[in-house]
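Observations on chain architecture
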Amino acid sequence: MTADIRNDIIIATEHIKARPEVVFPYFTDPALIVAWIGERAELDPQPDGVFSLDMGEVVALGTYTTVEPPYRVVFTWGIPGNDTLPPGASTVEVVLTPDGDDTMLVLTHRGLPSAHIGYHRSGWEDRLGRLRAAAG
Amino acid sequence: MAESKQATPVAPDAVLRALADPHRRQILRLVRHTELPAGQIAANFALTQQAVSRHIGVLKQAGLLTERREGTRHLYALRHEALEPVRALLSEFWPDALSRLKKAVETAHPRPPKI
């Protein structure tokens, strides 16, 4: 697992011991996406279909722009009512590449304004806490 | 690295707390590209000068503002480097989520053990 952040683009990668066909629905099926992110989801995985992810204090809202099972999915990502990161402002692209029987996943989040970070505070603080716990 | 008189790193917590308030985020937007005196910052808010000064104090404490004196005026500007620890933290969001994804997928679809 690695992450890189430069020019307000985040690139994260993950190696998963399952085929892309298995991994892909975790980005399009509301019952599966909440297994790893958010608490409730409303997903309509087709171009212009809604992508809505309730993460407790913050709701991420956008639309799917590209849905190419099982290798590529792109959706926009924003926070309703937020002037620096409105819905549609940023884009998340997920590319799944077969690696034998496994999947190499590359996620690229583009268009993040640096001023939006305060809005994600609770999430980051939560993560900071876990980071600290993990780091001992 | 940009010139900065204050080299002490500030914990991301302090920066995050400072950023948690919409007025303070607005102040940072005002001084993102330009230096402004406190009075001119306050003129943008329906708050007392005292309240704005308090917000400026919190931002200064978190290392998010530089302060420069020019005669009797204090000029404030965003200290961009202070956002670095938070940007670093932000970069943890997706890796963190993806490691949960890995766990969820691999738990739901265990591979039969190799012979």
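You'll find the structure just up there.
Residues numbered from 1 in each chain as written. Chains lettered and ligands numbered in written order. Predicted model: local features only at pLDDT ≥ 70, side-chain atom pairs only at ≥ 80, totals over all residues. Heavy atoms only, no water.

**Some words on helix H6 (residues 93-108) of chain B**
Formally: Only runs of H or I of at least four residues qualify as helices and only runs of E of at least two qualify as strands under DSSP, and these elements are numbered from the N terminus. Helix span, as expected, comes to 1.5 Å for every residue beyond the first. Here's how the labels work: a residue is buried when its accessible area is under 20% of the maximum for its type, exposed when over 50%, partly exposed in between, all with a 1.4 Å probe on protein chains only.
The end-to-end C-alpha distance of H6(B), which contains 16 residues, comes to 23 Å, matching closely the 22 Å that a straight helix rising 1.5 Å per residue would cover. Among the residues of H6(B), Phe93(B), Trp94(B), Pro95(B), Ala97(B), Leu98(B), Leu101(B), Ala104(B), Val105(B) and Glu106(B) are the ones counted as buried.

**Notes on the packing of aromatic side chains**
Cut-off, in case you're wondering: Pairing of aromatic rings covers Phe, Tyr and Trp, the last counted by its six-membered ring, and requires centre-to-centre distances within 6.5 Å; plane angles under 30 degrees mean stacked, over 60 mean edge-to-face, and any other angle means tilted.
Applying the stated criterion across every chain yields a total of eight aromatic pairs over all chains. Seen in terms of ring centroids, Phe93(B) and Trp94(B) are 4.9 Å apart; in terms of plane orientation they differ by 80°. Their pairing is edge-to-face. Each member of the pair, Phe93(B) together with Trp94(B), is buried. These aromatic residues form a ring-pair network of at least three members: Phe51(A), Tyr64(A), Phe75(A), Trp77(A), Phe93(B) and Trp94(B).

**Observations regarding the pairing of strand S2 (residues 65-70) of chain B**
Residue and element names in this part refer to chain B. For clarity, the threshold we go by: Being paired, for any two strands, means DSSP has found at least two bridges between them.
Two elements, S2 and strand S3 (residues 73-78), share six bridges in a ladder whose sense is antiparallel. Of the residues in S3, the one forming a bridge with threonine 66 is alanine 77. In this antiparallel pair of consecutive strands, S2 and S3, the connection spans two residues, and glycine 71 shows a positive phi of 65°.

**Structural notes on the nonpolar core**
Note the cut-off: Definition used in this section: a nonpolar core is a set of buried Ala, Val, Leu, Ile, Met, Phe, Trp, Tyr and Cys residues joined via side-chain atoms within 4.5 Å.
Core analysis: the biggest nonpolar cluster contains 32 residues, and Phe27(A), Trp36(A), Trp77(A), Leu105(A), Trp94(B) and Leu101(B) have the highest contact counts within it. Those elements that provide at least two residues to this core are strand S2 (9-16), strand S4 (50-54), strand S5 (59-68), strand S6 (72-77), strand S7 (90-99) and strand S8 (102-110) of chain A together with H6 of chain B. Here this core gets seven residues from one element, more than from any other, and that element is H6(B). Residues Leu30(B), Phe45(B), Tyr76(B) and Ala82(B) belong to the second largest nonpolar core, which totals 22 residues.

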